[in-house]
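# Tertiary structure, described
Chain by chain, the residues:
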Amino acid sequence: MDKLKKVILVVDDNEALVDALDILLAEDYEVIPATDAYKALEVLSMVEPDLIFLDMFMPGYNGIQLLREIRQMKLTSRVVVITAAEAYLLGDDIQGLGVDGFLHKPFNVRDIQDFAAAA
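Calculation criteria
Residues numbered from 1 in each chain as written. Predicted model: local features only at pLDDT ≥ 70, side-chain atom pairs only at ≥ 80, totals over all residues. Heavy atoms only, no water. Phe/Tyr/Trp six-rings, centres within 6.5 Å; stacked < 30°, edge-to-face > 60°. Helix = DSSP H or I, 4+ residues; strand = E, 2+ residues; numbered from the N terminus. Buried < 20%, exposed > 50% of the residue type's maximum accessible area, 1.4 Å probe, protein only. Contact = heavy atoms within 4.5 Å. Axes fitted to C-alpha atoms, helices over the stretch in contact; angles between N-to-C directions. Parallel < 35°, antiparallel > 145°, perpendicular 65-115°, else oblique. Left-handed = near helix turned anticlockwise from the far one by under 90°. Nonpolar A, V, L, I, M, F, W, Y, C, P; charged D, E, K, R; others polar. Salt bridge = Lys/Arg side-chain N within 4 Å of Asp/Glu carboxyl O. Arc of directions from axis to C-beta. Polar contact = N/O pair within 3.5 Å; in protein donor to acceptor, adjacent residues only side chain to side chain.

### Structural notes on the packing of aromatic side chains
With the rule as written, the count across this model stands at one aromatic pair. Aromatic pair Tyr38 and Tyr61: ring centres 5.4 Å apart, planes at 55°, arrangement tilted. With a gap of 23 residues between them, Tyr38 in helix 2 (residues 37-44) and Tyr61 in the loop between strand 3 (51-55) and helix 3 (63-72) connect regions that are remote in the sequence.

Below, the structure is given as structure tokens:
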């Protein structure tokens, strides 16, 4: 892992989206892909990323449960929720869990780059 680059964890069950974000960000950031919450927890047990792009609706262990785990781990990683649902529909479930931003699918590539740059 390149210590000079900021680390971004991308958690989404859509492998094509994870691969696309990896390609988009890999030149400037160390990107760690995870296609489910279990893989993300494995990564988080070893690395504290600067930024986490987190899908909310994944089969099995969903993004809301994973976000709760992240906060229980006392990680300081910024978390940006990526979802096809409207942000207001998630409000009650993630209120108080320290979300740093929302991206609605389909999102603008520039928004991804802006969140990454601010990490």
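Once you've had a look at it, read on.
### Some remarks on the side chain of Asp55
With respect to the secondary-structure elements, Asp55 resides in strand 3. For Asp55, a relative accessible area of 3% puts it in the buried group. Leave out the neighbours within four places in its chain, and Asp55 touches Val11, Asp12, Asp13, Gly63, Ile82, Thr83 and Lys105.

### Quick word on the packing of helix 1 (residues 15-25) against helix 5 (residues 109-118)
It is at 11 Å that the axes of helix 1 and helix 5 come closest, and there the two elements cross at 60°. Considered as vectors, helix 1 and helix 5 are oriented oblique to each other. Here the hand of the crossing between helix 1 and helix 5 comes out right-handed. Contacts between helix 1 and helix 5 involve Leu21, Leu24 and Leu25 from the first element and Val109, Ile112, Gln113 and Ala116 from the second. Residue classes in the contact of helix 1 with helix 5 are distributed as six nonpolar, one polar and no charged.

### Describing the packing of helix 2 against helix 3
Following both chains from N to C, one finds helix 2 and helix 3 inclined at 15°, their axes separated by 10 Å at the closest point. Considering the angle they form, helix 2 stands roughly parallel to helix 3. Relative to helix 3, helix 2 is oriented so that their crossing is right-handed. Only Leu66, Glu69 and Ile70 of helix 3 make contact with helix 2, whose side of the interface consists of Ala37, Ala40, Leu41 and Leu44.

### A word on the pattern of salt bridges
With the rule as written, the count across this model stands at four salt bridges. For Asp12, the salt bridge identified is with Lys105, shortest N-O distance 3.0 Å. Separated by 93 residues along the polypeptide, Asp12 in the loop between strand 1 (7-11) and helix 1 and Lys105 in the loop between strand 5 (101-104) and helix 5 bring together distant segments of the chain. Take Asp12: its relative accessible area is 1%, and that puts it in the buried class. The salt bridge partner of Lys105 is Asp55, with a shortest N-O separation of 3.5 Å. With Lys105 in the loop between strand 5 and helix 5 and Asp55 in strand 3, this pair connects stretches of sequence that are 50 residues apart. Residues participating in the shared-partner salt-bridge network are Asp12, Asp55 and Lys105.

### Looking at helix 5
Residues Ile112, Phe115 and Ala116 constitute the buried set of helix 5. Down the axis of helix 5, the sector holding all buried residues measures 100°, keeping them to one side. Exposed side of helix 5, more than 90 degrees from the buried face: Ala117 and Ala118 are the residues found there. The inward-facing, buried residues of helix 5 abut strand 1, helix 1, strand 3, strand 4 (78-83) and strand 5. The distance from a side-chain oxygen at the start of helix 5 to the backbone nitrogen of Arg110 is 2.6 Å, and the residue carrying that oxygen is Asn108.

Keep in mind these values describe shape, not function.
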